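Coordinate analysis (summary)
Here are the chains, one letter per residue:
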Amino acid sequence: MTRTSLRSRLATAAAANHHDLVRATAALVAIDSQTPPSDTRAMVEHVVQAVAHGEGLEIERRPGAGPVDNVVLRLRGHRPGRRVILSCHLDTYPVGDIAGWTVPPLSGAVRDGRLYGRGSCDMKGGVAASLRVLEVMAAHRNEWSGELVVALAGDEESMGEQGTQVLIDSSPACSDALVIVPDVGSPGIVRCGEKGMVWLRLTAQGSAAHGAHVHRGVNAIDRLIDALAALRGLAAMRTPAGHEAVATMHAAFPLSEPVGGEGEMDVMSRVTVNVGRIEGGTSPNLVPQKASADVDIRIPLGVPVSDVERQIDAVLVGHPGVSCSVTRRYEATWTSPAHPLVRYGTRAAEEVLGRPVVANMRVGASDARLWRRAGMATIVLGLTPHNLGGSDECLDIAELPVLASILALTVHDCLAGDPVC
């Protein structure tokens, strides 16, 4: 068989039997894996049973702390070669207020061409597509060289330290690879970079007094609000004009902005400050002595975390009684659009979709940053999300075979090392 015919057969087989893909996704959605507590043991057990009879498949369980379970599925071709990893997370956001759902949130219900349920698009549909690719590659394992690894992990919604990071740190199969993360985004956008992040806990100290005698106290909430308002000035920190990502974002704008929403490029290009939680005081008629807030700061490419932290310190110098601690930090990560992996993914998506596809940054974080931090080129290429994190999360059923076919082509091209124009 020629390489071209193998490539075509892989793409066709991955997209076949789309009803099986729907059933596989629904079965995964039905397993509760909300974070917290990120109990992915049942998910791992389900997957292991589903693939247990796969010929030549090596199964390696690598649990994290507590109930977090992770598993590595390793398939070797007929001779040594490159390694490609399909990296998926098994956990989901919390269901939230069930009253907002029009279907049971773990039902995997199908309605009007969409499959509903918490984690359906983020990213149990991507897991099902990845397992389909593994099955197809196993059926043709005497025709390709190298290794395909499917890395399935929990804890992604809590930043992945007990999930994918455990796999990177402990599994020999999770190293020296090209990595594809089928997390949410769009089959028509190959995401090759992500912003960095700093999480802050701000604490303001004041002086308690009766609410009628404000002159005798110092309001900690007022101090906190003033400091939070000043931190908004961090938004002036942007990706330097000469950074490769700027040209990439501008080129992607016509196709990416309608998918990501108006303002996507602006948000990807600058620091953003989100006050996610705030508390303080005990009663309306008392001047609060203490107040605190948790702040999520996202950092664009080309802006080091250290620069942002220095600017935070400079801002807070002018706000007596307010202190801060960093609870989490990581740098922005990037795989150049010129890298063969990005070009393989783009070419595969264009072939399957029959239309232009672009590379771009990603607004949110994913496990991709952990693989890039470990020195591995990584892209995110997954389903289009609907109601992500909200009630009635769902995916377009028609995208499931499309994604499986794109992943199969990209995996093939990575293993084969085919030249790209």
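Rules behind the numbers
- Residues numbered from 1 in each chain as written.
- Predicted model: local features only at pLDDT ≥ 70, side-chain atom pairs only at ≥ 80, totals over all residues.
- Heavy atoms only, no water.
- UniProt positions renumbered as here; feature names shortened; annotations may be inferred.
- Buried < 20%, exposed > 50% of the residue type's maximum accessible area, 1.4 Å probe, protein only.
- Helix = DSSP H or I, 4+ residues; strand = E, 2+ residues; numbered from the N terminus.
- Pairing = 2+ DSSP bridges.
- Axes fitted to C-alpha atoms, helices over the stretch in contact; angles between N-to-C directions.
- Parallel < 35°, antiparallel > 145°, perpendicular 65-115°, else oblique.
- Left-handed = near helix turned anticlockwise from the far one by under 90°.
- Contact = heavy atoms within 4.5 Å.
- Nonpolar A, V, L, I, M, F, W, Y, C, P; charged D, E, K, R; others polar.
- Domains from an automatic or database assignment.
- Buried area = accessible area lost by both parts, 1.4 Å probe.
- Salt bridge = Lys/Arg side-chain N within 4 Å of Asp/Glu carboxyl O.
- Polar contact = N/O pair within 3.5 Å; in protein donor to acceptor, adjacent residues only side chain to side chain.

- Within an unreviewed UniProt entry, the label attached to the protein reads Peptidase M20 dimerisation domain-containing protein, and the organism entered is Aureimonas altamirensis.
- Turning to the protein, the UniProt record has this under Cofactor (unreviewed entry): "Zn(2+)".

**Some thoughts on the pairing of strand β6 (residues 147-153)**
- Counting buried residues along β6, seven of its seven residues qualify, which places the element largely inside the surrounding structure.
- The alternating pattern of β6 places Glu-147, Val-149, Ala-151 and Ala-153 on one face and Leu-148, Val-150 and Leu-152 on the opposite face, and all of these are buried.
- Bridge count for strand β2 (residues 71-76) against β6 is six bridges, and the pairing is antiparallel. Opposite Leu-73, over in β6, you have Val-150 as the bridge partner.
- By the bridge criterion, seven bridges tie strand β3 (residues 83-89) to β6 in an arrangement that is parallel. Along β6, the bridge assignment pairs Leu-86 with Val-150.

**Structural notes on the packing of helix α4 (residues 120-139) against helix α12 (residues 399-416)**
- Where α4 contacts α12, the two axes come as close as 9 Å, and the packing angle between them is 50°. By the angle between their directions, the pair α4 and α12 is classed as oblique. Here the hand of the crossing between α4 and α12 comes out right-handed. Contact residues: α4 offers Gly-125, Gly-126, Ala-129, Ser-130, Arg-132, Val-133 and Met-137, while α12 offers Leu-400, Leu-403, Ala-404, Leu-407, Ala-408, Val-411 and Leu-415.
- Its residues placed into classes, the contact of α4 with α12 shows 10 nonpolar, three polar and one charged.

**Comments concerning the domain arrangement of the protein**
- When cut into domains, the protein gives domain 1 (6-193 + 333-416) and domain 2 (196-250 + 262-330).
- For domain 1 and domain 2, the distance between their C-alpha centres works out to 34 Å.
- Listed as interface residues are 15 residues of domain 1 and, on the opposing side, 14 residues of domain 2.
- Carbon and sulfur atoms supply 63% of the area buried between domain 1 and domain 2, which totals about 1,200 Å² over both sides.
- Our enumeration of links across domain 1 and domain 2 arrives at one salt bridge.
- With its nearest N and O atoms 3.3 Å apart, the salt bridge here joins Arg-191 to Glu-264.
- Summed over the shared surface of domain 1 and domain 2, the result is three residue pairs in polar contact (both at pLDDT 80 or more).
- Going through the elements one at a time, β15 (333-334), β16 (358-362) and α11 (368-373) are the ones with two or more residues in the side of domain 1 that touches domain 2.
- Broken down by element, the side of domain 1 that touches domain 2 gets its largest block of residues, four residues, from β16.
- A per-class count over the side of domain 1 that touches domain 2 returns seven nonpolar, four polar and four charged.

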